[in-house]
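Single-letter residue listing:
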There are 2 protein chains.
Amino acid sequence: MKFQCPPGMRDFYPEQMRVQRWLLELWRQVSRTFGFEEYEGPTFEFLDLYTVKSGEGIVSELFSFTDRGDRRFALRPEMTPTLARMVAAKASSLPRPIKWFSLPRMFRAEKPQRGRLREFYQWNVDVLGTDDVIADAEVIAVAIEFLRQVGLSPQDVLMRVSSRPVAAAVLESLGIAPENTLRAFGLLDRFDKLEPEEFRRQWSEIAPGISCEALLSRLETADLDDCLKLVRSAGPQGDEAADQFIKLWNRLADLGVQQFCCFDLKVVRGLAYYTGPVFELTARQHQLRALLGGGRYDNLTELLEGPRIPGVGFGMGDAPILELLAATGKLPDLADELDVFVIDAAEEYFPRALQIVQALRRAGLTCDFSYRRQPVSKQFSQAQKRRSRYAVVVGDELIQRNQLTLKNLRTGEQCLVSASNFLTDPAPILGPNCPRQP
Amino acid sequence: MKFQCPPGMRDFYPEQMRVQRWLLELWRQVSRTFGFEEYEGPTFEFLDLYTVKSGEGIVSELFSFTDRGDRRFALRPEMTPTLARMVAAKASSLPRPIKWFSLPRMFRAEKPQRGRLREFYQWNVDVLGTDDVIADAEVIAVAIEFLRQVGLSPQDVLMRVSSRPVAAAVLESLGIAPENTLRAFGLLDRFDKLEPEEFRRQWSEIAPGISCEALLSRLETADLDDCLKLVRSAGPQGDEAADQFIKLWNRLADLGVQQFCCFDLKVVRGLAYYTGPVFELTARQHQLRALLGGGRYDNLTELLEGPRIPGVGFGMGDAPILELLAATGKLPDLADELDVFVIDAAEEYFPRALQIVQALRRAGLTCDFSYRRQPVSKQFSQAQKRRSRYAVVVGDELIQRNQLTLKNLRTGEQCLVSASNFLTDPAPILGPNCPRQP
């Protein structure tokens, strides 16, 4: 075959698609139980929407193109700019808090040889329109509820939580000038990706007088109380940062998710627009990229030249979490199943069999039949291959007594049922789990 | 606000997204009851996949771009090439028939000023790996089952069915040389779009000796029997075309969908790769583009340099059908609803209220609360605004007697319930439809 799937992109055959749908539906369902509403945006946006906050440098990381009118567009690399644009456009009419989620596909112009994906699904959950840390706690809690539902525990994953104002106060306590804070965040975000020597070199450019060891020992202060004491010593701003963080930490306890969380000053996140708490989820045992990253962004809509609307949220890609679930044996068995396979005892019954197929489908059952006219035994083995729960045989009994043969393919039990009762309301005859839940 | 949604693209706010999800889920559910399995492909493909069968001319209708490795890609304008590529790549291992559906987003570089969409969702349903007309009948039947479920009847919509071999024989009977058949199909497909004079002019180029009136009167022969008699007079090929069409027509009756269908020779469909039956769905009363178009394509995988795998399928865009459903008042009421809104009687109960919120969410209920601490009456009106079915008040009764106040916001009824019973298994206390089906 000459034509292939483009590098870094994925074909989802039914087998892979079942896993994908299971994940997407679980993300959707958990979001909905938390009262989040779903939204979507266009797959590509004006390129400016991404360059306005990151500069032209970001263009090389995007797939961009022009239309015949020479407008410049880019495939979306993240959802937050679209979200901020949409919310800002209706800022005055949307009831607060704005609790929204989305399940978009995203695109990044990664080098294909590194095996990184150029297209992926991403669960996005955001609360806009409030400064209250309850919003930050809720977005963290919805992520953790998803983890619980897939069977991951605090032994498997860790939600590392920090705060940019807290981290800034700690850096200040080391002697880093406030104007260098963002640059220091940018470097810290790449701590795990850089060679120690390279990290040291870049650090010495940002803070020539401060040793790398001093920085790291300060950041590794795992004790929250010690750290916040230090932060409070930085004056009123430090006090506020410490108060807000403690409030968030307590809300995580109220929501019953604190045992998944730890305080970790080394988490700063790469995006420039974060202004408050930041967090990321990592697997404890497996060498995977962050499973999820997020934080508070109170100035983003202003960066896009809209009104100020505070917000907090996260994005979780599909690939790392599926990898973790596969590695820990937590993917469910999702082989496709039919409710009923309809068999014709002889070719002359085929038109009647088709009517029965259609009646069962209309009753909500997943129902199929053999396209080929072949012996009953071959039709039965086709039913088995398709993992059908029941087989219905259309034969002489239908003509003579208006009855159908119903066979439970799990137990082998077989009986005759009244065709009219069965076709009017098959559910009580088939018992629970038929029709199966999608 | 400086930034806008790109022209021809759509923002789906929660209100629109609910409609979109309703449509997508119904497409999915109907497909599944027919035994179709879901697949997906990459949002962009190598550009060659589209030019190989349509020539470089198609590039102007696509959004295309290159990556840093100078590979040329295009956003997918239709799903069938991806499907053919995926099936051809695993031709030997996929059990037949291959019954697949997909709900992809598609892209066309339409001129934005015409108000046509540049991005849309499309329901794709295909059967590959069989020549049998039962496959053609099933894909038509699954579309019609969807129409039934949204409440559209044969008075609203019409599935116009034809066949390229039948149409070719009719054109031959008029004296059109076989080498001009495809050109004639291309022109006929634009019959509704061209001015009569322009149609006449182009027709005279294809068939100089044959009047336009003769063509149209022949094509408007609505009578299937008369038409097939004519087709049979064209020899063995005509006989086979007529036999196959009659077989399809009877299968549509067996599947109980023939009353939605009519025979219409003027349907030829624009795509060059169709080889057998072709069909499109049109609204009777409303001036809309075709709601759905499809047909049999037995040579497509060969055109892509793979093995021969016959196939038949259709694509149905989201925009025209949603327009028709809106115009005929058939869109469901989909205002978002909560199951339970949890209210704290006083601020000191807020942490307990949060625990209760989380317990209810974990039980699968859609549950929310006020981010602001405010009087109970204000929290009740927030619950009403969110269209919650129930409100739960967390107050003194919880501390004193481990009870919660449960209020049905539809009926106004109110009672005290045991907190432990309610939180362990809320469903029997709340009654049917709680948790609501997504």
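Please read these numbers as outputs of a predicted model, since none were measured by experiment. (Residues numbered from 1 in each chain as written. Chains lettered and ligands numbered in written order. Predicted model: local features only at pLDDT ≥ 70, side-chain atom pairs only at ≥ 80, totals over all residues. Heavy atoms only, no water.)

Visitor: Which residues make up the overall build of chain A, and what values do they have?
Guide: Assigned secondary structure in chain A consists of 17 helices and 17 strands. Taking 2.2 N^0.38 as the reference for a compact globule, 438 residues should give roughly 22 Å; the C-alpha atoms of chain A span a radius of gyration of 28 Å, well beyond that estimate. Along the first, second and third principal axes, the C-alpha set of chain A runs to 95 × 55 × 50 Å. When burial is assessed residue by residue, chain A has 55% of its 438 residues classed as buried. Relative to all contacts within chain A whose residues are 6 or more apart in sequence, the contacts with residues 24 or more apart total 66%. Total accessible area computed for chain A in this model is approximately 17,800 Å², and 47% of it derives from carbon and sulfur atoms. Considering chain A, the positive charge centre built from 55 side chains and the negative charge centre built from 58 side chains are found 5 Å apart. (Helix = DSSP H or I, 4+ residues; strand = E, 2+ residues; numbered from the N terminus. Rg over C-alpha atoms; globule rule 2.2 N^0.38 Å. Buried < 20%, exposed > 50% of the residue type's maximum accessible area, 1.4 Å probe, protein only. Contact = heavy atoms within 4.5 Å. Areas by Shrake-Rupley, 256 points an atom, 1.4 Å probe, with all protein chains shown as cover. Lys, Arg positive; Asp, Glu negative; His and termini not counted. Charge placed at Lys NZ, Arg CZ, Asp CG, Glu CD.)

Visitor: Could you give me a rundown of the sheet that holds strand β2 (residues 44-46) of chain A, with the residues and numbers involved?
Guide: Residue and element names in this part refer to chain A. Strands sit in the order β2-β4-β3 across an open sheet of three strands; the sheet is antiparallel. Among the strands making up the open sheet, the edge pair consists of β2 and β3 (64-66). Along the sheet, successive strands turn relative to each other by an average axial angle of 35°, direction set aside. Across three bridges, the pairing between β3 and strand β4 (residues 72-75) is antiparallel. Among the inter-strand pairings, S64 is bridged to a residue of β4, identified as A74. (Pairing = 2+ DSSP bridges. Axes fitted to C-alpha atoms, helices over the stretch in contact; angles between N-to-C directions.)

Visitor: Pulling in residues and values, what's your account of the environment of L324 of chain A?
Guide: All names here are of chain A. Tracing the backbone through its elements, the reader meets L324 in helix α12 (residues 318-327). The class for L324 is buried, based on a relative accessible area of 1%. Sequence-wise, L324 and I309 are 15 residues apart; in three dimensions their C-alpha atoms are separated by 35 Å. Residue contacts for L324: discarding those within four places in its chain leaves L152, V157, A283, H286, L288 and L291.

Visitor: Go over the sheet that holds strand β15 (residues 388-394) of chain A with me, naming the residues and quoting the values.
Guide: Residues and elements named next belong to chain A. Judged by pairing direction, the sheet is mixed, and its five strands sit side by side in the order β14-β13-β15-β16-β17 without closing on themselves. The open sheet is flanked by β14 (367-369) and β17 (414-418), the only strands paired with a single partner. Direction aside, the axes of adjacent strands within the sheet are offset by 30° on average. Inspection of the sheet shows β15 paired to strand β16 (residues 403-408) by four bridges, in the antiparallel sense. Bridging across to β16, A391 finds its partner in K407. Along the sheet, helix α13 (residues 350-362) makes contact with β13 (338-344), β14, β15 and β16, crossing β14 at roughly 165°.

Visitor: Hey, could you go over the relation of the copies chain A and chain B for me, with residue numbers and the actual values?
Guide: For the match of chain A to chain B, the screw axis carries a shift of 0.0 Å, the RMSD comes to 0.1 Å, and the turn is 180°. Here the transformation between the copies is reduced to the relation of a two-fold axis. When each C-alpha of chain A is compared by its distance to the rotation axis, F65 of chain A comes out closest, at 2.8 Å. An overlap of 100% is found between the interface residues of chain A and their copies at the interface of chain B, pointing to a shared contact surface. (Least-squares fit on C-alpha atoms with pLDDT ≥ 70 in both.)

Visitor: Requested: an account of helix α1 (residues 14-33) of chain A, with residues and values cited.
Guide: In this model α1 of chain A runs 28 Å from its N-terminal to its C-terminal C-alpha over 20 residues, within 8% of the 28 Å that 1.5 Å per residue would give. Every buried residue belonging to α1 of chain A is among P14, M17, Q20, R21, L23, L24, L26, W27, R28, V30, S31 and T33 of chain A, and all of these are buried. (Expected span 1.5 Å × (residues − 1).)

Visitor: Describe the packing of helix α6 (residues 181-189) of chain A against helix α7 (residues 196-206) of chain A, listing the residues and the values that go with them.
Guide: All names here are of chain A. Viewed as axis vectors pointing N to C, α6 and α7 meet at an angle of 175°, and their least axial separation amounts to 10 Å. One way to sum up the angle between α6 and α7 is to call them roughly antiparallel. Contacts from R183, A184, L187 and L188 of α6 reach α7 at F199, Q202, W203, E205 and I206. Grouping the constituent residues of the contact of α6 with α7 by class yields six nonpolar, one polar and two charged. (Parallel < 35°, antiparallel > 145°, perpendicular 65-115°, else oblique. Nonpolar A, V, L, I, M, F, W, Y, C, P; charged D, E, K, R; others polar.)

Visitor: How would you explain the side chain of N408 of chain A if you had to name every residue and give the values?
Guide: Residues and elements named next belong to chain A. For N408, the location among the structural elements is in strand β16. Reaching out from N408, the side chain makes a polar contact with the backbone nitrogen of R410 at a distance of 2.8 Å. The contact partners of N408, leaving out residues within four places of it in the chain, are R389, Y390 and E413. (Polar contact = N/O pair within 3.5 Å; in protein donor to acceptor, adjacent residues only side chain to side chain.)

Visitor: Give a detailed account of the interface of chain A and chain B, specifying residues and quantitative values.
Guide: In this complex, chain A contributes 96 residues to the contact, which on the side of chain B involves 98 residues. Roughly 8,400 Å² of surface becomes buried between chain A and chain B when both sides are summed, with 58% attributable to carbon and sulfur atoms. The tally of links from chain A across to chain B stands at 18 salt bridges. One salt bridge in this structure joins R85 of chain B and D11 of chain A, with 2.8 Å as the shortest N-O distance. Taken together, the links from chain A to chain B amount to 36 residue pairs in polar contact (both at pLDDT 80 or more). For the side of chain A that touches chain B, the element with the most residues is α1 of chain A, which contributes eight residues. Taken together, the residues of the side of chain A that touches chain B break down into 47 nonpolar, 13 polar and 36 charged. (Buried area = accessible area lost by both parts, 1.4 Å probe. Salt bridge = Lys/Arg side-chain N within 4 Å of Asp/Glu carboxyl O.)

Visitor: Got a sec to walk through the environment of Q149 of chain A? Specific residues and values, please.
Guide: All names here are of chain A. For Q149, the position within the fold is in helix α4 (residues 133-149). For Q149, a relative accessible area of 34% puts it in the partly exposed group. Along the primary structure Q149 and L26 are separated by 123 residues, whereas in three dimensions their C-alpha atoms are 8.4 Å apart. Other than its neighbours up to four places away in sequence, Q149 contacts L26, Q29 and V30.

Visitor: Any chance you could break down helix α5 (residues 164-174) of chain A for me, citing the residues and the numbers?
Guide: Residue and element names in this part refer to chain A. Inspection of α5 places R164, V166, A167, A169, V170, L171 and L174 among the buried residues, and these make up the whole buried set. For α5, the N-terminal cap is S163; the gap from its side-chain oxygen to the backbone nitrogen of V166 is 3.2 Å. Backbone geometry just after α5 places G175 at a positive phi near 105°.

Visitor: Which residues make up the pairing of strand β7 (residues 119-128) of chain B, and what values do they have?
Guide: Residues and elements named next belong to chain B. Of all 10 residues in β7, 10 are buried, a share of seventy percent or more. Note that strand β5 (residues 98-102) and β7 share five bridges and pair antiparallel. Note that in β7 the partner of F101 across the bridge is V125. Bridge analysis of strand β6 (residues 105-107) against β7 gives three bridges, and the strand direction is antiparallel. In the strand pairing of β7, M106 is matched with F120. Note: β7 against strand β12 (residues 311-317), seven bridges, orientation antiparallel. Its bridge partner lying in β12, D126 is registered against G313.

Visitor: Can you tell me about the pattern of salt bridges, naming the residues and giving the values?
Guide: According to the stated counting rule, one finds 90 salt bridges over all chains in the structure shown. Between R232 of chain A and D239 of chain A there is a salt bridge; the shortest N-O distance is 3.3 Å. Across the pair R232 of chain A and D243 of chain A runs a salt bridge whose closest N-O atoms are separated by 2.8 Å. Here D243 of chain A lies in helix α10 (residues 236-254) and R232 of chain A lies in helix α9 (residues 224-232), a separation of 11 residues in the sequence. When salt bridges that share partners are traced, they join R21, E25, R28 and E38 of chain A together with R21, E25, R28 and E38 of chain B into one network.

Visitor: Residue-level account of unusual backbone geometry, with values.
Guide: With glycine set apart, most residues show a phi of negative sign, and most peptide bonds adopt trans. Residue and element names in this part refer to chain A. Residues R96 and P97 are joined by a peptide bond in cis, for which omega reads -5°. Counting through the fold element by element, P97 comes out in the loop between α3 (80-89) and β5 (98-102). You will see that R387, though not glycine, has its phi angle at about 55°, which is positive.

Visitor: Help me get a handle on the side chain of T130 of chain B, residues and values and all.
Guide: Assignment of secondary structure puts T130 of chain B in the loop between β7 and α4 (133-149). Take T130 of chain B: its relative accessible area is 14%, and that puts it in the buried class. Here D132 of chain B takes part through its backbone nitrogen, which lies 3.0 Å from a polar atom of the side chain of T130 of chain B. Beyond its immediate stretch of four places on either side in the chain, T130 of chain B contacts Y371 of chain A together with P97, A135, R296 and P310 of chain B.

Visitor: Account for the environment of L365 of chain B, with residues named and values stated.
Guide: In this structure, L365 of chain B sits in the loop between α13 (350-362) and β14 (367-369). The exposure class assigned to L365 of chain B is buried, which follows from its relative accessible area of 0%. Taking the C-alpha atoms as reference points, L365 of chain B and A427 of chain B, 62 residues apart in sequence, are found 8.8 Å from one another. Not counting the four nearest positions on each side in its chain, L365 of chain B is found in contact with T33 of chain A together with D339, V340, L360, P426, L430, C434 and P435 of chain B.

Visitor: Could you give an account of the pairing of β16 of chain A, naming the residues involved and the relevant values?
Guide: All names here are of chain A. Of the pairings in the sheet, the one linking β16 to β17 comprises five bridges and is antiparallel in character. Paired with T405 across the strands is L416, a residue of β17. Linking β16 to β17, which pair antiparallel, is a turn of five residues; within it G412 sits at a positive phi near 85°.

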